[in-house]
Amino acid sequence: MSLVVSNKYELIYWRDRIWKIGPDGKLIPQLDENNQIIYNPLTGQPEYEYLETGTRVNAKRLNHMDEGIYSAHDYIVELKATIRRMQIQMELDGRVPGNSGTFADTLDGSSNKIKLDNALTDIIEAVTAGTTTLKVASVDGFTPFTQVTIFDDEHIEDVVITEVGTGTIKVQALKNAYKKGAKVARSNVVVDMVNAEMGVGDWQTFNVELVEVV
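Source: prediction; values computed, not measured. (Residues numbered from 1 in each chain as written. Predicted model: local features only at pLDDT ≥ 70, side-chain atom pairs only at ≥ 80, totals over all residues. Heavy atoms only, no water.)

1. Brief notes about the overall build of the protein chain
Part 1 of the argument: In terms of helices and strands, the protein chain carries 1 helix and 10 strands.
Part 2 of the argument: Taken from N to C terminus, the helices and strands of the protein chain fall in the order β-β-α-β-β-β-β-β-β-β-β.
Part 3 of the argument: Residue burial in the protein chain is summarised as follows: out of 214 residues, 19% are buried.
Part 4 of the argument: In the protein chain, the share of contacts with a sequence separation of at least 24, taken over all contacts with a separation of at least 6, comes to 50%. (Helix = DSSP H or I, 4+ residues; strand = E, 2+ residues; numbered from the N terminus. Buried < 20%, exposed > 50% of the residue type's maximum accessible area, 1.4 Å probe, protein only. Contact = heavy atoms within 4.5 Å.)

This is the structure we're talking about:
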């Protein structure tokens, strides 16, 4: 395995513009074939002779620098995540020698032998307290004898699934009533991979505008 990391960023090698100075210590204006001073058509100022034209600032060169800064920052973020995973694995090895970080998750999208169960569906009909059968949009990812969280903008509770059918999930008797659109989730945790944090998921509402098609 090669440990050599190539740097593909190409240096611009910026150069200064160096002006010619006359015997009188002043800049020397450029002259045309008729020995007339050449003026810049945009500024109206004379053009002067120079020893070195220098490197002009333009969008292409600035974008090149911008891409280099972005790539370097991206590399630092990736390196920071790698170091964090190594720190966690070393910490776990210190507590339980030889476990190789079996249950490590740095919350950056790269877990080690552990995965958040994010099965989620919606209740498609409002239910009352005491209900045991939920009509849902999907049963994918749900299995009997596992715990789920049911929540909307008013209530939340944890129940155990007793049976999974076609378009239905049977659970323990609900303690609360829930609206159409309430969530049934194996976990209502939302992972923020940018800040490497776990947060509580929200019950969401949407505004729908109906447009008549003629």
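2. Regarding the side chain of Glu157
Part 1 of the argument: With respect to the secondary-structure elements, Glu157 resides in strand 6 (residues 156–164).
Part 2 of the argument: This buried residue, Glu157, is left without a salt bridge; Lys175 holds the nearest opposite charge, at 6.1 Å.
Part 3 of the argument: Once residues lying within four places of it in the same chain are set aside, the contact partners of Glu157 are Val148, Thr149, Ile150, Ala173, Leu174, Lys175, Asn176 and Tyr178. (Lys, Arg positive; Asp, Glu negative; His and termini not counted. Salt bridge = Lys/Arg side-chain N within 4 Å of Asp/Glu carboxyl O.)

3. Focus on unusual backbone geometry
Part 1 of the argument: In the Ramachandran plot, Tyr13 falls in the positive-phi region, its phi being about 60° despite a non-glycine side chain.
Part 2 of the argument: Within the secondary structure, Tyr13 sits in the segment before strand 1 (18–19).

4. With respect to the pattern of salt bridges
Part 1 of the argument: This model, assessed by the stated rule, comprises 7 salt bridges.
Part 2 of the argument: Salt-bridge contacts for Lys179 lead to Asp153; the nearest nitrogen and oxygen are separated by 3.1 Å. Of this pair, Lys179 sits in the loop between strand 7 (168–171) and strand 8 (183–185) while Asp153 sits in the loop between strand 5 (147–151) and strand 6, placing them 26 residues apart in sequence.
Part 3 of the argument: Judged by relative accessible area, which is 32%, Lys179 ranks as partly exposed.
Part 4 of the argument: The exposure class of Asp153 is partly exposed, given its relative accessible area of 47%.
Part 5 of the argument: In this structure, the salt-bridge partner of Glu154 is Lys179, at a minimum N-O distance of 3.7 Å. Here the residue Glu154 occupies a position in the loop between strand 5 and strand 6, and Lys179 occupies one in the loop between strand 7 and strand 8, the gap between them amounting to 25 residues.
Part 6 of the argument: Three or more residues joined by partner-sharing salt bridges are found here, namely Asp153, Glu154 and Lys179.

5. Details of the nonpolar core
Part 1 of the argument: Ile123, Leu134, Phe142, Ile150, Val171, Leu174 and Val184 are the most contacted members of the largest nonpolar core, which has 16 residues in total.
Part 2 of the argument: When contributions to this core are tallied by element, the ones reaching two or more residues are strand 5, strand 6 and strand 7.
Part 3 of the argument: Setting aside anything within four residues of it in sequence, one finds Val184 in contact with Ala119, Leu120, Thr121, Ile123, Leu134, Val136, Phe142, Val148, Thr149 and Ile150. (Core = buried A, V, L, I, M, F, W, Y, C linked by side-chain atoms within 4.5 Å.)

6. Things to note about the pairing of strand 6
Part 1 of the argument: Where strand 5 lies against strand 6, 5 bridges are found, and the strand directions are antiparallel. Within the sheet, the bridge partner assigned to Thr149 lies in strand 6 and is Asp158.
Part 2 of the argument: Where strand 5 folds back on strand 6, the antiparallel hairpin that results is connected by 4 residues.
Part 3 of the argument: With antiparallel pairing between neighbouring strands as the criterion, strand 6 and strand 7 make up a hairpin whose turn holds 3 residues, including Gly167 at a positive phi of roughly 80°. (Pairing = 2+ DSSP bridges.)

7. Thoughts on the pairing of strand 5
Part 1 of the argument: Counted residue by residue, strand 5 has 4 buried out of 5 residues, so it is predominantly covered.
Part 2 of the argument: Relative to strand 8, strand 5 runs antiparallel, the two being bridged by 3 bridges. By the bridge assignment for strand 8, Phe151 is matched with Lys183.

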